[in-house]
Amino acid sequence: MDLYDIHTHDAPSPNPDDDEGLRQNITNIVNVYPLGFEYAKDNDNYPWFSCGVHPWYSEDAEPQLKFLKEIAGDPRIVAIGEAGLDKLKGPELTIQQTLFERQVELSEQLQKPLIIHCVKAWDELLHIKKMYKPRQPWIIHGYKGKIELAKQLLSHGFYFSVNDRFNDDAIRAIPLDRLFCETDISEISIEDIYNEVANTLEIPIDVLASQIENNVRIMFPMLVLSKN
């Protein structure tokens, strides 16, 4: 059974108590800032990356954005982000929006999915999506919102990645072909998150894992091909 952690800030060490076969089949997408990619790219434990400029650091972000444009074509960078909007932290929203839109454009140019951080700025996010009409998938990472918001986002074509904190009703409303799992900054293993999600959905974990692998195959084909 292959498991995929599509958003982690540090590829977690395997649990020594886990089954040996399972431990060998976890693929991580490690999220880094553009300059951080230079430090992480030669680490054999980090073969795949998402790379972007977080909305908290939108102010004076031109050097990071410039470097992002230089490196984002690297085939090991499989997604742009996390990028987005946050009304609770970071500079004023207009500054965040400008940076976010430039990363939207980069995602479209390179044909790579966009990993999104959004806090209390859903209307603004939807407005930008309607304005750009992106062809690339937009994935809300760490989704823990309510079912009503999930349904609204689904109607606009969003995908969702969940960690150990999620709304049970919302996750039941998300079709399996729109769902991913992640650890983000949690110390809980990706195996445990898969188990929690499968239990909530009342499906076997291997059914969940198979569907997520298919989602990864469509959205991040290099991750699956690398195993073959």
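Calculation notes
Residues numbered from 1 in each chain as written. Predicted model: local features only at pLDDT ≥ 70, side-chain atom pairs only at ≥ 80, totals over all residues. Heavy atoms only, no water. Helix = DSSP H or I, 4+ residues; strand = E, 2+ residues; numbered from the N terminus. Buried < 20%, exposed > 50% of the residue type's maximum accessible area, 1.4 Å probe, protein only. 1 Å grid on protein atoms, 1.4 Å probe; cavity = no way out; pocket = protein on both sides within 12 Å on 5 of 7 lines; lining within 4 Å. Points joined across faces, edges and corners; volume = space filled by probe spheres on them. Axes fitted to C-alpha atoms, helices over the stretch in contact; angles between N-to-C directions. Parallel < 35°, antiparallel > 145°, perpendicular 65-115°, else oblique. Contact = heavy atoms within 4.5 Å. Nonpolar A, V, L, I, M, F, W, Y, C, P; charged D, E, K, R; others polar. Pairing = 2+ DSSP bridges. Right-handed = clockwise from strand over helix to strand, strands pointing away. Arc of directions from axis to C-beta.

A. Just the environment of Val119, in detail. By secondary structure assignment, the location of Val119 is in strand β5 (residues 114-119). Residue Val119 is classed as partly exposed on the basis of its relative accessible area of 22%. As for Val119 and Leu88, which are separated by 31 residues in sequence, their C-alpha atoms are 6.9 Å apart.

B. Just the layout of surface pockets, in detail. In this structure, the largest pocket occupies an estimated 570 Å³ of space. What lines the largest pocket is a set of 23 residues, and nearest its centre among them are His117, Cys118, Val119, Gly142 and Lys144. For the lining of the largest pocket, the secondary structure elements donating two or more residues are β4 (77-86) and β5. Element by element, the count of residues in the lining of the largest pocket is highest for β5, at three residues.

C. Highlighting the packing of helix α8 (residues 190-201) against helix α9 (residues 205-219). Closest axis-to-axis distance for the α8/α9 pair is 9 Å, and the angle between their directions is 110 degrees. Relative to α9, the element α8 is oriented roughly perpendicular. Contact residues: Glu191, Tyr194, Asn195, Val197 and Ala198 in α8; Ile205, Leu208, Ala209 and Ile212 in α9. Looking at the contact of α8 with α9 residue by residue, the classes come out as seven nonpolar, one polar and one charged.

D. Quick look at the pairing of strand β7 (residues 159-162). In terms of strand pairing, strand β6 (residues 138-140) meets β7 through two bridges, oriented parallel. Of the residues in β7, the one forming a bridge with Ile139 is Tyr159. Viewed along the sheet, the connection from β6 through helix α6 (residues 147-155) into β7 turns out right-handed. Bridge analysis of β7 against strand β8 (residues 179-181) gives three bridges, and the strand direction is parallel. Note on β8: the bridge partner recorded for Val162 is Cys181. Between β7 and its parallel partner β8, the chain crosses via helix α7 (residues 168-173), and the hand of that crossover is right-handed.

E. Seen up close, α6. Listing the buried residues of α6 in full gives Leu149, Ala150, Leu153 and Leu154. For α6, the arc enclosing every buried residue in end-on projection is 140 degrees, short of the 170-degree limit, so these residues lie on one face. Of the exposed residues in α6, those oriented more than 90 degrees away from the buried face are Glu148 and Ser155. Buried residues in α6 make contact with α5 (122-132), β7 and α7. Directly after α6, the chain includes Gly157, whose backbone phi takes a positive value near 90 degrees.

Bear in mind that shape data such as this cannot, by itself, settle questions of function.
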